[in-house]
Amino acid sequence: MEANSGQSNPDFSDVNAGASGNSAGTPNDPAAANFSDVTAGSSSTAEDMETYTVKSGENLRRIAQHFYGDEMQWHKIRDANRDKLPNPDKIQAGMTLRIPKA
């Protein structure tokens, strides 16, 4: 690709739309896309979570024990709240945490 005054346009001329084994359409035909082999996965949504407000003296293990009956499941709560909990040892009373359903 040739450099020009700080801007460049990607070159997709060598992309082959038929590489996935799809025989419908031509490489420049948007109808050629075939997603029939895509399977559904799971993701965490608001319906899969509830919220909990941390009380004074609590930690993730205690909260996990309350919700899951197993304090060793604390990592589920940490993973669901990574944006709020860069350090899982520093939770504070009053924080609202997302709790994944078991």
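Residues numbered from 1 in each chain as written. Predicted model: local features only at pLDDT ≥ 70, side-chain atom pairs only at ≥ 80, totals over all residues. Heavy atoms only, no water.

Of regular secondary structure, the protein possesses two helices and two strands. When its helices and strands are written in sequence order, the protein yields β-α-α-β. Within the protein, buried positions represent 21% of all 102 residues. Long-range pairs, those at least 24 residues apart, make up 47% of the contacts in the protein between residues at least 6 apart in sequence. Surface exposure of the protein reaches about 7900 Å², of which carbon and sulfur atoms provide 47%. (Helix = DSSP H or I, 4+ residues; strand = E, 2+ residues; numbered from the N terminus. Buried < 20%, exposed > 50% of the residue type's maximum accessible area, 1.4 Å probe, protein only. Contact = heavy atoms within 4.5 Å. Areas by Shrake-Rupley, 256 points an atom, 1.4 Å probe, with all protein chains shown as cover.)

This part covers the environment of Asn 59. Along the chain, Asn 59 falls in the loop between strand S1 (49-53) and helix H1 (60-68). A distance of 2.7 Å separates the side chain of Asn 59 from the backbone nitrogen of Arg 62, its partner in a polar contact. (Polar contact = N/O pair within 3.5 Å; in protein donor to acceptor, adjacent residues only side chain to side chain.)

This brings us to the packing of aromatic side chains. Applying the stated rule across the entire model yields one aromatic pair. Cation over ring: Lys 76 sits above Tyr 68, and NZ or CZ is 5.0 Å from the ring centre. (Phe/Tyr/Trp six-rings, centres within 6.5 Å; stacked < 30°, edge-to-face > 60°. Lys NZ or Arg CZ within 6 Å of the ring centre and 35° of its normal.)

Quick look at the nonpolar core now. Residues Tyr 52, Val 54, Leu 60, Ile 63, Ala 64, Tyr 68, Ile 77, Leu 85, Ile 91, Met 95, Leu 97 and Ile 99 constitute the largest nonpolar core, which totals 12 residues. Going through the elements one at a time, H1 and strand S2 (96-100) are the ones with two or more residues in this core. Looking at which element gives the most residues to this core, the answer is H1, with four residues. (Core = buried A, V, L, I, M, F, W, Y, C linked by side-chain atoms within 4.5 Å.)

With that settled, the discussion passes to the pattern of salt bridges. All told, the structure shown has four salt bridges when counted by the stated rule. For the salt bridge of Arg 82 with Asp 79, the shortest nitrogen-to-oxygen distance reads 3.0 Å. Between Asp 83 and Arg 98 there is a salt bridge; the shortest N-O distance is 2.8 Å. Of the two residues, Asp 83 sits in the loop between helix H2 (74-80) and S2 while Arg 98 sits in strand S2, which places them 15 residues apart along the sequence. Judged by relative accessible area, which is 58%, Asp 83 ranks as exposed. (Salt bridge = Lys/Arg side-chain N within 4 Å of Asp/Glu carboxyl O.)

Turning our eyes to something else, we now look at H1. Among the residues of H1, those classed as buried are Leu 60, Ile 63, Ala 64 and Tyr 68. Buried positions in H1, seen along its axis, are confined to an arc of 105° and lie on one side of it. Next to the buried residues of H1 lie S1, H2 and S2. Just past H1, the residue Gly 69 takes up positive phi, approximately 75°. (Arc of directions from axis to C-beta.)

What follows covers the confidence of the model for the protein. A low pLDDT score tells you not to read the predicted coordinates there in detail. Chain-level pLDDT for the protein is 78 on average; 61% of the residues reach the 70-or-more range. Counted against residues more than four places away or in other chains, residues 19-25, with its pLDDT under 50, gives five contacts. (pLDDT = per-residue confidence, 0-100.)

Moving on: the side chain of Arg 78. Relative to the assigned elements, Arg 78 resides in helix H2. For Arg 78, a relative accessible area of 18% corresponds to the buried category.

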